[in-house]
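Residues per chain, in single letters:
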Amino acid sequence: MLKIILLVTIVILSFATTGYFAQNQSVAKQTAEALYSDYQDFVKKTKILNSSIASANIEEIKYNYMQSRFAYKKIEYLVTYIDKEYAERYFNGIPLYQPESNAPSASVLPPEGLQILEEELYSVQPNFEMLSSLSAKLTSSAKRFSLALKNAHLYDRHIFEAIRLGLIRILSLGMTGFDSPNSVKAIEENYISFRSIAKVWNLYAVQNPNVAVISETKKLFEEAASYISKNQDFDSFNRTYFTREYISPLFSNVYDAQIALNIEFHDEVSNLKQAVNFRAKEIFSTEFLNKYYYMNLSKRNDTKELKILGKTLFFDPILSSNNKRACSSCHDPKLAFTDGEAKSKSFNYEGTVERNSPTLVNAVYSDKFFYDLRAQKLEDQVDHVITSSKEFDTEYEKIIFKLENSPDYKAMFEKAYPYIQLPKVINKYTISTALASYVASLTSMNSDFDRYMRKETNHIDSSVIRGYNLFAGKALCGTCHFTPTFNGTVPPYFIETDSENIGVTANSDLKNPGLDADMGRAEGLLKDRLEIFRHSFKTITLRNIELTAPYMHNGAFKTLEEVLEFYNEGGAVGLGLDNPQQTLPEDKLNLTQQEKKDIIAFLKSLTDNIYVELPKLPEYLNTKRVAGGEY
């Protein structure tokens, strides 16, 4: 409790001392007062739910549960903005055991909140004792947060940011049914969330009747709400249309309105990095997320010279002990920076490495790296590759010696790092940062699907539209591969990267399946060596998936058709295998052949490969090296 109050107080003071005060303070004040009132209604609904469990009348309990959910959805976008950690931990977190954040050792926390309540409530035989315990905890958590909320002060910037994050939540989580898979009330909940946001916007419209973008946005909110109210069925809801015609334009309009009203942006009042770039107008663009949030490197130091150096190092086998292996040996630009192998070739052709080579395009949008999430920053990845006997089989000291004996490389490092005063500008830090700079430059969201969503073209195959509707709906793909990155970095804040246990099989023979033996994240970092992470792997991006076969961490599936069939069967458990920690629902999806084809058509519409011209390699003691490596 004290921690919550202290956090909110710090937030309030930080805003109060910036010198920025909103033009329309009364709107913010009205919003804060309405939020507190609506929050009390949420607390009241949780109490009623808790009391109703004693009746053991399942329909009555379900009704009261949904009333609690609806009350929360009305305020979620603001409550989460004020205290994301508390809201996700106690109100609407995923119904799985989670590692305790910032804990010094491996420990887990049991799930609490609405989602775990729903899972138990809609099970075949609900445990009423568990329901009672969970609902009592929910009420207690809700009451605890009341005081912090009462003391929270909102300003216009907070509201505008919360609205944009709220739109992303509806797009990426709400429309997919991410947090209401059992009750199947996702579209109805979206309507409640949408109307709540629109109600606040109407206050700005009343106070600014002559600002065109405010009025236009008000009209767009009304049209969007009307569309949702008339299209409530989860399976048939046209997510492509709704996103293109309403969510994306509203996201852009709110940005324009913030400028029109002269409301400050986050970067004007704080130096803290944020993943979501509130200066971005478009959702489906590389500007949407701030890649420097995921790196140690700052934007100021990420110069053209540094990228050139990083690119040269990336394609130069000088980094390996035999001068024959380069980063691009396993990350070929023509294959969206993968290598087409089930598992990459090992050093000196001695077998293979442990896992498949994932794409590097848009890989920067993650807070952890490698399939087992063992690297905490983009810059940390190179350490593992350099020292691995199966990859570069060397060490930094040997690489530094070679680079220092190349006049060309010395000059390139000095140009890229003019601010470094150390005796040796070539060191572990500069090598890893240069490589990270190049990998981070491999960002692109300019596929056919992106251009269609940005309305830069009005032409896209109808199968792509149907495919995205299935992807983000019935097929449940979008509940793990989140729009618009289509990876596992969780919206709307995009600051945490998920791993999933989907029960990947050892090969593509689903008639005689066997669970792959790789333990994944459970054999990664010491603090991740938990039962809940057995067979759990990072959810990587699906962008450019047409070019990145074979698929999964073990390369078990050669085609997208095989992948779809695996998911259609419900993963390992759906196939009858023992996989108790599986996070993928075991229920069969019952996709038709046409639906599978449509999903694949959508996936292929995400192809957006980056053309790369190989660099000329600097001289080093007259060695003959091949740009890109020999194997």
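This text gives an overview of the structure that appears in the document. Only a predicted model underlies this, so the values are computations on that prediction, with no experimental measurement involved.

Attention shifts here to the layout of surface pockets. Size it by volume and the second largest pocket reaches roughly 920 Å³. Taken together, 47 residues form the lining of the second largest pocket, with H331, F370, Q381, V385 and E391 sitting closest to its centre. For the lining of the second largest pocket, the secondary-structure elements that each account for two or more residues are helix 13 (381–387) and helix 16 (428–440).

With that settled, the discussion passes to the environment of V43. In this structure, V43 sits in helix 2 (residues 25–52). Assessed through its relative accessible area of 5%, V43 is described here as buried. In this structure, the C-alpha to C-alpha distance between V43 and R144, residues 101 residues apart in sequence, is 10.0 Å. Excluding anything up to four places from it in sequence, V43 contacts A142, K143 and S146.

The next thing to look at is the packing of helix 12 (residues 304–315) against helix 15 (residues 407–416). Their axes nearest at 8 Å, the elements helix 12 and helix 15 cross at an angle of 145°. Regarding helix 12 and helix 15, the two cross each other, and that crossing is left-handed. Within the contact between the two elements, helix 12 uses E305, L306, I308, L309, T312 and L313 and helix 15 uses Y409, M412, F413, K415 and A416. Looking at the contact of helix 12 with helix 15 residue by residue, the class counts come to eight nonpolar, one polar and two charged.

For the α-helix, the turn length of 3.6 residues means that residues three or four positions removed from each other point alike. Most of helix 18 (residues 462–471) sits inside the fold, with seven of its 10 residues counted as buried. When helix 18 is considered as a whole, its buried residues turn out to be S463, V464, G467, Y468, N469, L470 and F471. Its buried side turned inward, helix 18 meets helix 7 (156–174), helix 10 (239–260), helix 17 (448–453) and helix 21 (593–604).

With that settled, consider helix 15. Y409, F413 and A416 are the residues of helix 15 that are buried. Projection of helix 15 onto a plane perpendicular to its axis shows the buried side chains occupying an angular sector of 70°, all on one side. Summarising the geometry of helix 15, the exposed residues directed more than 90 degrees from the buried face are P407 and K415. Buried-residue contacts for helix 15 involve helix 12, helix 14 (396–404) and helix 16.

For the rest of this paragraph, the subject is empty space enclosed by the protein. Scanning all chains against the criterion turns up four cavities of 30 Å³ or more. The space that makes up the largest cavity amounts to roughly 690 Å³. H481, I502, L542, M552 and Y567 are, among the 40 residues lining the largest cavity, the residues nearest its centre. Looking at the lining of the largest cavity, the elements with two or more residues in it are strand 4 (537–538), helix 19 (560–568) and helix 21. Considering every element that reaches the lining of the largest cavity, the biggest residue donor is helix 19, with four residues. Residue composition of the lining of the largest cavity, grouped by class: 26 nonpolar, 10 polar and four charged. Roughly 130 Å³ of internal volume is contained in the second largest cavity.

What follows is about the packing of helix 12 against helix 16. Interaxial distance between helix 12 and helix 16 falls to 7 Å at its minimum, and their mutual angle equals 95°. When the interaxial angle is binned, helix 12 and helix 16 end up roughly perpendicular. The residues of helix 16 that touch helix 12, namely those facing L306, K307, L309, G310, K311, L313, F314 and F315, are I431, T433, A434, L435, S437, Y438 and V439. Considered class by class, the residues forming the contact of helix 12 with helix 16 number 10 nonpolar, three polar and two charged.

Here we take up unusual backbone geometry. Peptide bonds are mostly trans, and most non-glycine residues show a negative phi. Each neighbour pair has its own omega, and for T483 with P484 the value is 5°, a cis peptide bond. With respect to the element layout, P484 can be found in the loop between helix 18 and strand 3 (499–500). One non-glycine residue, A56, lies in positive phi territory at about 60°. With respect to the element layout, A56 can be found in the loop between helix 2 and helix 3 (58–82). Although it is not a glycine, V184 sits at a positive phi angle of roughly 55°. The residue V184 is located in the loop between helix 7 and helix 8 (186–207) in this model.

The subject of this paragraph is the pattern of salt bridges. Scanning the model with the defined rule gives 37 salt bridges in all. Here D528 and R521 are joined by a salt bridge, their closest N and O atoms 3.0 Å apart. When its relative accessible area of 4% is taken as the criterion, D528 is described as buried. Each of R69, K73, E76, R169, D179 and E189 takes part in a single network of salt bridges with overlapping partners.

Cut-off values and rules
- Residues numbered from 1 in each chain as written.
- Predicted model: local features only at pLDDT ≥ 70, side-chain atom pairs only at ≥ 80, totals over all residues.
- Heavy atoms only, no water.
- 1 Å grid on protein atoms, 1.4 Å probe; cavity = no way out; pocket = protein on both sides within 12 Å on 5 of 7 lines; lining within 4 Å.
- Points joined across faces, edges and corners; volume = space filled by probe spheres on them.
- Helix = DSSP H or I, 4+ residues; strand = E, 2+ residues; numbered from the N terminus.
- Buried < 20%, exposed > 50% of the residue type's maximum accessible area, 1.4 Å probe, protein only.
- Contact = heavy atoms within 4.5 Å.
- Axes fitted to C-alpha atoms, helices over the stretch in contact; angles between N-to-C directions.
- Left-handed = near helix turned anticlockwise from the far one by under 90°.
- Nonpolar A, V, L, I, M, F, W, Y, C, P; charged D, E, K, R; others polar.
- Arc of directions from axis to C-beta.
- Parallel < 35°, antiparallel > 145°, perpendicular 65-115°, else oblique.
- Salt bridge = Lys/Arg side-chain N within 4 Å of Asp/Glu carboxyl O.

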